[in-house]
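Residue strings, one per chain:
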Amino acid sequence: MNAPVSPDALRRQPTDWKGDAMRKRIASRYASERRFRRIGLAAILMSAGFLAYLMISMLSGGLGGFTRTEIAVRVDFPKAPIVIDPASLRGEGAEAVLSSVNWQALTDQAATSALGKDGAWIAPGAWLVVRDAVKADPAILQKSVTLHLPASAELDVAAKSEGQPAAEAAYARLEKAGLTSRAINWDFLTSSDGTDPTQVGIWGAFKGSLLTMAVTLLLSFPVGVLAALYLEEYAPRNRWTDMIEVSINNLAAVPSIIFGLLGLAVFLNVLHLPRSAALVGGLTLALMTMPVIVIAGRNAIKAVPPSIRDAALGIGASPIQVVFHHVLPLALPGIMTGTIIGMARALGETAPLLMIGMRAFIASPPGGITDPATVLPVQIFLWSDEVSKGFVEKTSAAIIVLLLFLLSMNSIAIYLRNKFERRW
Amino acid sequence: MSQPTPPKMSARNVNVYYGEKQAIQNVSIDVDTDNVTAFIGPSGCGKSTFLRTLNRMNDTVASARVEGEITLDGENIYSSGMDVVQLRARVGMVFQKPNPFPKSIYDNIAYGPRIHGLASAKADLDVIVESSLRRAGLWDEVKDRLKDSGTALSGGQQQRLCIGRAIAVEPEVILMDEPCSALDPIATAKIEELIHELRGRYAIVIVTHNMQQAARVSQRTAFFHLGTLVEYGSTSEIFTNPREDRTKDYITGRYG
C-alpha cells in the first residue's frame, strides 16, 4: 500500500444515472452502434454489387458463347461431285465410306453455288454438319436439302456484336435474304480445344478438371484427415511435432506456382510420370490442398468436446474406437468445410498446372488420368490469349462453365456436410 | 465377528504427480461392493484426481504420474499385464457433467455392449438396453422414444442415461465424479435413490461436494485434504464422531 488516502477521497459520490453527461454517453453509444451497423451493411452491399457486376458481365458476355450463327444453305446432293451408294452407309463399312468423301470440297461448292461469294462466310468446320446429316439420314443423298451450316467466326462476331466492316456487310445481306439463324451450339459442350473459335468446345477441359479434382480429392482428403487425426490424437507434444505443425501452416501459405515447380521437379523429372496428365496435376494440387485440410481438420478435432472422449474412454472404448466412433463423426462437418475451401482453390488454380505442362494444346478429351489433359482455368487462360475475336465470348462462356462446376461441387459438399452435422 | 470379504479395490501408498506438483500423497484405501464409498473434501483436495486413478483415466493426462499400488480383485491395475480398455469396462465412470453421446438413447446404451461384443443378436442388445434403462430408472420415461437423441433429454435424465450407459457393460465398480453437481434437487434425489438401488451389485465410489449427500448415500466416507487422506471410516462415525480435528472442522462448515 502507498500513502494512506484521506477518508474523504474514498467516499464516492452516488452515480448520476439521469444526468446530462450520462445521457450524452448513452446517445453516443447508440450512435456508434448505428454507425457500425451501417458500415457493415455498406460492406455487404459493396461485395454483393461486385458479385452482381461479375455475374452480369459474365452472363452478358458469355451466354453468346453457347450459341452460334447459322446460315441456311441448300445442298443439292444429286448434283454434287460425290458418288456414294446410300445402301453402303447402312452397313458395317459406313465409317470408311464416309471418311473417303471430300466433304470440305462438297460443302464449299454447295455454299458457293447457293450464296455466291458470301459462301466464303461459312465456318471451316461446316462440312462436319453436312457429313453428320448424311450419316444420320443417307436418304438425303438423293435429294436437295437445306442445311443450317455454322457461320465463320468473323460473321458470328458481326451477328452478335461489332465485327469487321466486310463481315457486317455480308451479315446484313444474308439476314435480309432470311438465311441466318441462331442456334444453341451443342458442339461447345461436347468438343475440345481447337484452332477455329467456331469449333472449340469445353468438354475436354471440363473432363480434365473432373479427373484432376478426383485425383486431388482422393489423395488429399484421406491423407489430410489422417494427418490431422494423428497430430491431434496421437502425436506426443514435443519439438518435432511443433516443427511439423509450423511446416504445415507455412505450407498452406506457399505460393501455388512453387508447388508447380515441385511437381515438375519430382513427378516429372524424378518419377517420370506422363507430362500434361491429370494424374500429375492432381498430385500437385493435392500437395497444395492437403495443408488446408490438415489445418481445418485439426481445428475441427480440437473443437470436439473432451467430455465425449471421456465418456467413450470411460466405458472402455480403445483410443482408435474413440477416434473413429466419436471424434471423427463430430469433426467431419468442420473437416468438410476445410475440404470445400481447399478444393475450390485447387479447381481455380492455373499457375502450378502451367509448370507441369497442362497448358498444351489438347484437341481431344482425356481418356484417363494418364492422358494429356488441360483444365478449365488453364483453358480460359489460353483462350483469353487468342488473337481471333471469336474467342472472347468463348472465354466468357468457359468462365460460366467453371463457375457452374464450382457451384455444383460446393453444393454437393455442403449437402454432405449438413447431412453429417449433428444436433446437440 | 465374521470374516470380512476381501475388498474389491484397494489402494496402497498411492502418490500422484502432475509434472513436479504432487496431487496425492500416500493414500491407502479399500473399496468394497457392500458399501457405497463417498470421497469428500474441499475443492482441490485431490478427491477427483484419486478417483480417476482407479480406472486409469489419468493416463490421458500426459504429465500425470502414478506411484504405488492399486488392485482390482488383487490384480495391480497399473501392471503391464492389465489391459486398460478392459479395466475401464470393469470400472465404469460417471462424470460431473452429463455427457451422453450425440446419438440416439438406444445407441448410447448399446455402444458399450457393442464394442465389447456382449451381444451378438439385435434381440440380446434390446434386452441389455431395456434392463440397463430400467436399472437406471429411466425406462418408463424414454421407452417410447429410444430413437431420439440422448442430448435432447433433461439434465437429470441425461445423467441417468450416463449411469445406464455405464451399467450396460456390467462393470464391477462404478466411479461417480460429483454426478449431481449440475442437477436440480429433484433430479439429484432420483440419482441418490438410484445409487441406493445399485448398491450391493456394484462397488460404488462417489465424489461429492455435498456433505448431506455423502451422509445420505454412503456407508463409508473418506475425507481428503490437501492431497492426503485424513480420515476414512464408516459414514455415521465420520459425521458424528470424527477422530481428526480437520474432519470435524470441515463437516461443521468451518472451511471448504
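Structure first, text after, so check above.
Report on the accompanying structure. (Residues numbered from 1 in each chain as written. Chains lettered and ligands numbered in written order. Predicted model: local features only at pLDDT ≥ 70, side-chain atom pairs only at ≥ 80, totals over all residues. Heavy atoms only, no water.)

### Remarks on the overall build of chain B
Part 1: The helix and strand inventory of chain B stands at 10 helices and 10 strands.
Part 2: For 256 residues, the compact-globule estimate of 2.2 N^0.38 gives 18 Å, and chain B sits close to it at 18 Å.
Part 3: The burial tally for chain B puts 54% of its 256 residues in the buried class.
Part 4: In chain B, once contacts between residues fewer than 6 apart in sequence are set aside, the share between residues at least 24 apart is 65%. (Helix = DSSP H or I, 4+ residues; strand = E, 2+ residues; numbered from the N terminus. Rg over C-alpha atoms; globule rule 2.2 N^0.38 Å. Buried < 20%, exposed > 50% of the residue type's maximum accessible area, 1.4 Å probe, protein only. Contact = heavy atoms within 4.5 Å.)

### A word on the pairing of strand E8 (residues 203-207) of chain B
Residue and element names in this part refer to chain B.
Part 1: The element E8 is largely enclosed, with a buried count of five among its five residues.
Part 2: The alternating pattern of E8 places Ala-203, Val-205 and Val-207 on one face and Ile-204 and Ile-206 on the opposite face, and all of these are buried.
Part 3: Pairing between strand E3 (residues 36-40) and E8: four bridges, direction parallel. Residue Val-36 lies in a different strand from E8, and its bridge partner there is Ile-204.
Part 4: Examined bridge by bridge, strand E7 (residues 173-177) and E8 share five bridges and lie parallel to one another. Counterpart to Asp-177 in the pairing with E8 is Val-207. (Pairing = 2+ DSSP bridges.)

### Some thoughts on the interface of chain A and chain B
Part 1: Every contact between the two is made by 18 residues of chain A and, on the other side, 23 residues of chain B.
Part 2: Both faces combined, the contact of chain A with chain B buries some 1700 Å², and carbon together with sulfur accounts for 64% of it.
Part 3: Taken together, the connections running from chain A to chain B amount to five residue pairs in polar contact (both at pLDDT 80 or more).
Part 4: Counting only elements with at least two residues in the side of chain A that touches chain B, the list comes to helix H13 (306-314) and helix H14 (319-347) of chain A. (Buried area = accessible area lost by both parts, 1.4 Å probe. Polar contact = N/O pair within 3.5 Å; in protein donor to acceptor, adjacent residues only side chain to side chain.)

### Points about the nonpolar core
Nonpolar side chains tend toward joint burial in soluble globular proteins.
Part 1: In this structure, Ile-335 of chain A together with Met-9, Phe-39, Phe-50, Leu-51 and Leu-175 of chain B are the most contacted members of the largest nonpolar core, which totals 55 residues.
Part 2: Looking at this core element by element, the count peaks at nine residues for H14 of chain A.
Part 3: Core analysis: the next-biggest nonpolar cluster, separate from the first, contains 37 residues, Ile-202, Leu-382, Ala-397 and Val-401 of chain A among them. (Core = buried A, V, L, I, M, F, W, Y, C linked by side-chain atoms within 4.5 Å.)

### A word on helix H16 (residues 376-384) of chain A
All names here are of chain A.
Part 1: Counting buried residues in H16 gives seven out of nine residues, a clear majority hidden from the surface.
Part 2: Along H16, the positions that sit buried rather than exposed are Leu-376, Pro-377, Val-378, Gln-379, Ile-380, Leu-382 and Trp-383.
Part 3: Contacts from the buried residues of H16 go to helix H8 (186-190), helix H9 (203-234), H14, helix H15 (351-355) and helix H17 (390-420).

### Concerning the sheet that holds strand E3 (residues 180-184) of chain A
Residues and elements named next belong to chain A.
Part 1: A sheet is described by the order of its strands in space; here three strands give the open sequence E2-E1-E3, paired in antiparallel fashion. Looking at the sheet topology across the chains shown, the edges are occupied by strand E2 (144-150) and E3. For this sheet, the mean angle separating the axes of adjacent strands, direction not counted, is 40°.
Part 2: Across seven bridges, the pairing between strand E1 (residues 67-76) and E2 is antiparallel. Across the sheet, residue Asp-76 finds its bridge partner in E2, namely Ser-144.
Part 3: Those strands touched by helix H5 (residues 127-136) are E1 and E2, and its axis lies near 135° from that of E2. (Axes fitted to C-alpha atoms, helices over the stretch in contact; angles between N-to-C directions.)

### Some thoughts on the side chain of Glu-178 of chain B
Residue and element names in this part refer to chain B.
Part 1: As for its placement among the helices and strands, Glu-178 is situated in the loop between E7 and helix H7 (185-198).
Part 2: Despite its burial, Glu-178 pairs with no opposite charge; the closest candidate is Lys-47, at 4.3 Å N-O.
Part 3: Reaching out from Glu-178, the side chain makes a polar contact with the side chain of Gln-96 at a distance of 3.4 Å.
Part 4: Sequence-distant contacts of Glu-178, that is, excluding residues within four places in its chain, are made with Lys-47, Ser-48, Gln-96, Val-207, Thr-208 and His-209. (Lys, Arg positive; Asp, Glu negative; His and termini not counted. Salt bridge = Lys/Arg side-chain N within 4 Å of Asp/Glu carboxyl O.)

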